[in-house]
Every structure is written in structure tokens, then in C-alpha cells.
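Coordinates in review
Each chain, written out:
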Amino acid sequence: MAFGWIDEQAEARRRAGLVRTLRPRPADSPLLDLASNDYLGLARHSEVTEGAARAARRWGGGATGSRLVTGSTELHAELERELADFCGFEAALVFSSGYAANLAAVTALAPHGSLVVSDAGNHASLIDGCRLARGTTQVVGHADPDAVRKALGTHTGPAVVVSDTVFSVDGDAAPLAELAAVCREFGAGMVVDDAHGLGVLGEGGQGSAYAAGLAGAPDVVVTVTLSKSLGSQGGAVLGPAPVIEHLVNAARTFIFDTGLAPAAAGAALAALTLLRREPERAARARAVARELHTRLTAEGLAAVRPDAAVVSVRAPSPEGAVRWAADCRAAGVGVGCFRPPSVPDGVSRLRLTARADLAEEQITRAVQVIGENRP
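The shown structure was predicted, so the numbers you read here are calculated from the model rather than taken from an experiment. (Residues numbered from 1 in each chain as written. Predicted model: local features only at pLDDT ≥ 70, side-chain atom pairs only at ≥ 80, totals over all residues. Heavy atoms only, no water.)

1. Quick notes on the pattern of salt bridges
According to the stated counting rule, one finds 21 salt bridges in the structure shown. A salt bridge links E11 to R15, with the nearest nitrogen and oxygen atoms 3.6 Å apart. On the criterion of helical spacing, the pair formed by E11 and R15 is a turn pair, its members being 4 residues apart in helix α1 (residues 5-16). The exposure class of E11 is partly exposed, given its relative accessible area of 30%. Judged by relative accessible area, which is 55%, R15 ranks as exposed. E82 is the partner of R276 in a salt bridge, and the nearest nitrogen-oxygen pair spans 3.3 Å. Placement of R276 in helix α11 (residues 262-277) and of E82 in helix α3 (residues 74-87) is noted, with a sequence separation of 194 residues between them. R276 sits in the partly exposed class, given a relative accessible area of 37%. (Salt bridge = Lys/Arg side-chain N within 4 Å of Asp/Glu carboxyl O. Helix = DSSP H or I, 4+ residues; strand = E, 2+ residues; numbered from the N terminus. Buried < 20%, exposed > 50% of the residue type's maximum accessible area, 1.4 Å probe, protein only.)

In C-alpha cells form, the structure reads like this:
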């Protein structure tokens, strides 16, 4: 049978407690949401949803084609200008997802003969970009500038260092300033994924590169997603204008993919406008993360100190993590559940989102439910 091997893999997943299941949520879920990436609470904000609706009414339901054919509108160009200006970069290019943006940046900036130095804790989209790139990839220890220096010292051609800015599993931040210094020793470029930093880190949420003093640097390229802090969908690459022009001509996930839907672009633009007006949302998200960590550790739980808005709580096993998350959900609190192979260290955990719009009583309730339902 052509796909008989699928049954064997399904059984292996079942034995390991690694079966994943889709759970469609209703429009008005009764759960207290600590599982999504809606860090600033903007996904349902009236200004953001109206921005999406207004764009759909004017530009239509879809982009109608790839960006190089009919999929680029004046709305996309405006969003690119606003993103670049907000984050402090010369130019930006919008993609249909953050995943596509990462594939584009890594593959287009790592040609034959180049070296890609990739952090062991990087997101799957960066890993896939490394696998598709024509250069040679060397994986180095997590958040280790000395390991990056050693890797770059073995190569004489073009090189690029690839890293998350905030790692999605434990919420720890990469040492960006130190990594940039190492890159400059060897003339290497740096591509960093700021999916979990935009809207949370930097002054008013301008991002990790801005916070590290690297915004606008000629050797730094940043990727972002519009689906987390900005409450929309899509992704973008930010960097020097020549790099962005190169992506337009060389990045396959830009050339051959349909452009971002106008509604998503409109929502992201509205969210950026709102964040400029209410920059305190970024600091509030960080404060909620610190409060969750303090209270969870006081309960005796193994919570990892957050550098942004992700709070990770270690679980005893994959099965224990799944049961813990399910028990929390039954008690009215939705939490994320990370298990192998999604976690690079093989340790399962609950993953909590510290949203800027969480009230004090919601934080108290969340900690209570998580503590009472521990395995």
C-alpha cells in the first residue's frame, strides 16, 4: 500500500504521547487565553478589525496574484514604509507569512560557497531556511557568541549568522549585541527573527534590534511576523535597501507566492498606528510576563525567567504536559503545550503568553489554575 508507512508513524507517535489534534475554537471562546501570540491584545481591537474590514472592502478579499504580478497594492507599499520607519530600517518587504519571510531571508542571503551559522534553538522556519539554502550550515550551541566566533573562523567566504531574537520555547533573548560584534570581526552578516520581539521589546515595542542598538545597521537583516503583537497575519523582512531589492529578485517565497491579503495588511497598519499612540502596551506585556513568572515560581513550579512575553513552565513528560494543558483548559484557562519535536532540548513544557490586556484578577486566576492542575 502506497502510504502504509503512515500507520506505523502514527502508532509510534501514539506510543510516545506525541499525537497532535486540531481543536477549532468558537468565535467567542470562554477560555482565558494564555496560549495565543496576541501579546498586545490587538487581534480583536475595534481599530484593528475595522482596518481589516476597510481594506477588504476597498481592495477585495485577496491579493489576486503574486507580488510581482498583481499582488502588490498601494496598501502593501504603505505597510512596508510604516514597518521600516517604526523599526528603524531603510526598507521592508511584506510576505504572506513570517515563515515565508524567514525562508526568503535565509535562502536568498546564503548562496553557494557561503556559511550559515545557526543557533541550535532556532525556530523551525529558520531551520528550514538553512536546509533549503545553497550555502553550508553549521549549527552552534544556543546563545553562544564564542561558538559563533569559532564557526566563522573556519570559513573564508561569505557568511551569515542566523538566530531568533527571542526564542519561542523558553522566551529567552539572544545576545544580539555580542553576536553583532562577532559578525563584524569576520565581515559576516546577521539575520535575526524578531517574531517575539516586535511590539514587546525596545522603546514602545520597536523591536529587539532597536533595543540592541542595531536598527538600520548595514549588516543586519530582521524578519518579523504581523501575526503576534500586531494581531494580524503575514510577515516582513527589514534591512538595507539593496538587501530588500535582492529579495525582490531572488527570494522564491516572494516571487512565487500570492501576496498578503489586503485585510491582513490593513489590520497590521491599524495595529502599528495604535501601537505608536499607545507605546505603553509593550512595557505592560513585559510586566505581565514578570508577574506570571514570580507567582508561578512562588507556587514551586519550574518557570523560566522571561526576557520578553513568553513564560515557559517545565512539565515532567510529554504525556504530563498534554494532561496538564487539558486540565487547565477544562478549568477555563487555555495554555500552550510544547513537546518533542517542537522543543530542541526534548523537555516538554507549558508555554504561556503574557498579554498586555490581562487584568490582575486574570493573572491570579491563571496562576491558581495552573498550580492546582500540575501533574
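2. Focus: the domain arrangement of the protein chain
Here the protein chain is partitioned into domain 1 (19-39 + 279-372) and domain 2 (46-277). Computed from C-alpha coordinates alone, the two centres of domain 1 and domain 2 are separated by 26 Å. Contacts between the two partners involve 21 residues from domain 1, matched on the other side by 23 residues from domain 2. Both sides together, the interface formed by domain 1 and domain 2 hides about 1,700 Å², and carbon and sulfur atoms give 60% of it. In terms of surface lost to domain 2, no three residues of domain 1 exceed Y39, P279 and D307, which account for 30% of the buried area on that side. Summed over the shared surface of domain 1 and domain 2, the result is 2 salt bridges. A salt bridge links R349 to D170; its shortest N-O distance comes to 2.9 Å. Seen at the junction of domain 1 and domain 2, the total is 8 residue pairs in polar contact (both at pLDDT 80 or more). (Domains from an automatic or database assignment. Contact = heavy atoms within 4.5 Å. Buried area = accessible area lost by both parts, 1.4 Å probe. Polar contact = N/O pair within 3.5 Å; in protein donor to acceptor, adjacent residues only side chain to side chain.)

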